[in-house]
Amino acid sequence: MKKNKLRALLAEGVAVAMLCGVMAVTALADTGVPTVTYNHANKQFEFRNVSTNNETVEEGYPNLFQELTNLMPGDEKSQEIKVNASGLGSGSVVIWLKAEPSKDPEAQADYAKLLTAMDEQGVTLSITEKDGKPINDVNGDPVTELSAKLSEGVRLGRFYGSDDERNLVVKLSIPVTVGNEFQGLAAGIDWVFTAQYEPGGDGGDGGGGGTDIPEPSTPLGDLPELEKGDHFAYIVGRDDGKVHPEDEINRAEVATIFFRLLKEDSRNQYWMTTNPYSDVPADAWFNKAVSTLTNAKIIYGRSGGIFDPNAPITRAEFAAMAVRFFGSGYDGPDMFSDISGHWAQDAINKAANEGIISGYTDGTFRPDNNITRAEAISIINRVLDRRPHADHLLDGMTTWPDNMDTSAWYYTAIQEATNSHNYDPSEERDENDNQFEIWTELLPVRDWATLERAWTDSNASVNPGDVMYVSSSESYVVK
């Protein structure tokens, strides 16, 4: 495979970074701008207007970015490319550009060191539309440029067919401060495109012509359903025997909760064990939850092709995720004073209108605050229409040393989420005119590890869906 090397060179006594070709630098083909096409019919990438002339290694993987060579500290170089897709039918495809380690064993050892040094020194990869048309960032806000660390890569957008072509400018920036961190490193990188194909509809997040809107408030098509009739415990305590209601909750934990709460038919329908995220490997404890809910378009990743599983989740992110299980819309004034113009404005309004979220006494929602476990549990209970009452719980239920204050606003919510039980609906109503639960029997807590093994076995022979991932490093042709 033909590669680009990022090497440390000694120039005038200072170590500097330089991007150079393994082969002699060749001119771009005369026929026009380098073009990459994802052809779903053949499950491969097609490269046009490139040269694979090669004087030192075997002919093969083309370099679309021959303008991004001989970079010195302080340099910014750009390369125009065209990106499109074909053979998608009614589906769509998300295409990424990433730097991946070359398959040269001698270079592999330095690759992690190289990317760490580049990230720390602020080496960035960015894209713009050639005609200046705005691109939506990960929050759905229009921006003139998208950029990311070289190790993360840049999402080029969602494509819907042969008429949906983007004229992009890819820029690599080397800060003037780059120096001794690169001395002695000779790691190889390949510029790799990856495609995530999804069948049917709009793919859930974007439009043509360069508009890419992640995190839609409601997935398109059939909505996955949550189990509302069976009130099993969906939260377990931590190893210290506490439930930590006021701690933050991370993205992997939230995905796992909703995954467990799916109705069996929905879980089977959207079952998936692969995903497009570089930080959710197959052996991760949360892989099946993240993969399945991504396939169901309930959860989305972050820029750079990551899910960020250990990161805390914000109140806005959680509201947007929870409201995707509802099909109705909202057309009215903002229900909180601090959400105008926020990327999750519509989702927050819809969630408030559904009665599953509430704000603060000052009229704010504080969308960018990280949500606590107690807040998340309270929202989930409302989504499930689970309405416990402090006077109608049962003796012998599981209790927690950090949830003993029965006057705490979250006391009954935590007890509801951590105790499996049967119940009867009340004849009377609470102060919000809702029926509440009268617990009638405690039930054993579910063994989630055993259940997940059973779910895996039952889906082992099922086609995991038409969502698929193709890398240009494994499947390509030069036209």
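Residues numbered from 1 in each chain as written. Predicted model: local features only at pLDDT ≥ 70, side-chain atom pairs only at ≥ 80, totals over all residues. Heavy atoms only, no water.

> Looking at this structure, how should I read the packing of aromatic side chains?
Any aromatic ring pair is given by two values, namely how distant the centres are and how the planes are angled relative to each other. Within this structure, the stated rule accounts for 13 aromatic pairs. With centroids separated by 6.2 Å and ring planes inclined at 35°, the aromatic side chains of F45 and F193 adopt a geometry described as tilted. Of this pair, F45 sits in strand β4 (residues 44–48) while F193 sits in strand β13 (residues 186–198); the two residues are 148 residues apart in sequence, bridging distant segments of the chain. With centroids separated by 5.4 Å and ring planes inclined at 85°, the aromatic side chains of W409 and Y410 adopt a geometry described as edge-to-face. Since its relative accessible area comes to 53%, W409 is described here as exposed. A residue is classified by how much of its surface remains accessible, and Y410, at 10% relative accessible area, is buried. Residue placement shows R366 over the ring face of Y360; its charged tip is 3.7 Å from the ring centre. The side chain of R446 reaches across the aromatic face of F232, ending 3.9 Å from its centre. (Phe/Tyr/Trp six-rings, centres within 6.5 Å; stacked < 30°, edge-to-face > 60°. Helix = DSSP H or I, 4+ residues; strand = E, 2+ residues; numbered from the N terminus. Buried < 20%, exposed > 50% of the residue type's maximum accessible area, 1.4 Å probe, protein only. Lys NZ or Arg CZ within 6 Å of the ring centre and 35° of its normal.)

> Explanation requested: the confidence of the model for the protein chain in the structure shown.
Detailed reading of the predicted coordinates is not advisable wherever pLDDT falls low. Summarising the model, the protein chain shows a mean pLDDT of 77, and 74% of its residues fall at 70 or more. Overall, residues 1–30 carries pLDDT values under 50, and its contacts beyond four positions in sequence, including any with other chains, amount to 102 contacts. Throughout residues 52–59 the model reports pLDDT below 50, and contacts reaching past four residues in sequence, or to other chains, amount to 18 contacts. (pLDDT = per-residue confidence, 0-100. Contact = heavy atoms within 4.5 Å.)

> Just checking my understanding: could you explain the sheet that holds strand β3 (residues 35–39) for this structure?
Whenever strands of a sheet pair, they do so through backbone hydrogen bonds, lying parallel or antiparallel. An order of β10-β7-β12-β5-β3-β4-β17 is seen for the seven strands of this open sheet, with the pairing classed as mixed. Pairing within the sheet leaves two strands with one partner each, and these edge strands are β10 (146–149) and β17 (476–478). With direction set aside, neighbouring strand axes in the sheet form an average angle of 25°. In terms of strand pairing, strand β7 (residues 124–129) meets β10 through four bridges, oriented antiparallel. Along β10, the bridge assignment pairs S126 with S147. (Pairing = 2+ DSSP bridges. Axes fitted to C-alpha atoms, helices over the stretch in contact; angles between N-to-C directions.)

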